[in-house]
Amino acid sequence: MKKPKGFFTYFHLCTVIEKLSDAQAGRLYKALMRYGDTGEMTDFSDDLACDMAYTLMRGEIDVNFERYNEICERRSEAGKKGGRPKKQEEKPN
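Only a predicted model underlies this, so the values are computations on that prediction, with no experimental measurement involved.

(A) Main features of the pattern of salt bridges. Considering all chains together, one arrives at three salt bridges under this definition. A salt bridge links E77 to K80; the shortest N-O distance between them is 3.4 Å. Highlighted residues: E77 and K80, both in helix α3 (residues 48-80), separated by three residues, approximately one helical turn. By relative accessible area, E77 is classed as partly exposed at 34%. The exposure class of K80 is exposed, given its relative accessible area of 63%.

Structure, rendered in structure tokens:
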């Protein structure tokens with residue numbers, strides 16, 4: 001699986017993040033960055049709110065990565081077919 005350079009954070013998740021303290025949000029953000037970059041999972045068993053947010057947002061990262069790989073595959077297949085044909089130049093009369 002090819003890995004993108006980053007991931008999207010959607011505005012609808014603001015309601016979840018706003019429920020966390022700044023310390024919790026920072027811990028969550030670092031964990032999500034680590035997960036996106038290396039796949040390393042973080043154990044939030046000591047913090048139910050962070051655990052719920054992490055589980056939700058980790059799912060979003062997974063979906064983003066799947067979409068990225070689908071697009072890469074489609075583009076690769078199109079490239080193997082030669083891509084779009086070049087335009088024919090019109091010759092002046």
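(B) Molecular detail of the state of the cysteines. Across all of its chains, the model carries zero disulfides by this definition. Cysteine C14 remains unbridged, with the sulfur of C50 as its closest cysteine sulfur at 16 Å.

(C) Structural view of the packing of aromatic side chains. Scanning all chains against the criterion turns up two aromatic pairs. Between Y35 and Y54, the ring centres sit 6.4 Å apart and the planes meet at 75°, which makes this aromatic pair edge-to-face. Here Y54 lies in helix α3 and Y35 lies in helix α2 (residues 22-38), a separation of 19 residues in the sequence. Here Y35 matches Y54 in class, with each residue buried. What links up through ring pairs into an aromatic cluster is the set Y35, F44 and Y54. Residue placement shows R58 over the ring face of Y35; its charged tip is 6.0 Å from the ring centre.

Cut-off values and rules
Residues numbered from 1 in each chain as written. Predicted model: local features only at pLDDT ≥ 70, side-chain atom pairs only at ≥ 80, totals over all residues. Heavy atoms only, no water. Salt bridge = Lys/Arg side-chain N within 4 Å of Asp/Glu carboxyl O. Helix = DSSP H or I, 4+ residues; strand = E, 2+ residues; numbered from the N terminus. Buried < 20%, exposed > 50% of the residue type's maximum accessible area, 1.4 Å probe, protein only. Disulfide = S-S within 2.5 Å. Phe/Tyr/Trp six-rings, centres within 6.5 Å; stacked < 30°, edge-to-face > 60°. Lys NZ or Arg CZ within 6 Å of the ring centre and 35° of its normal.

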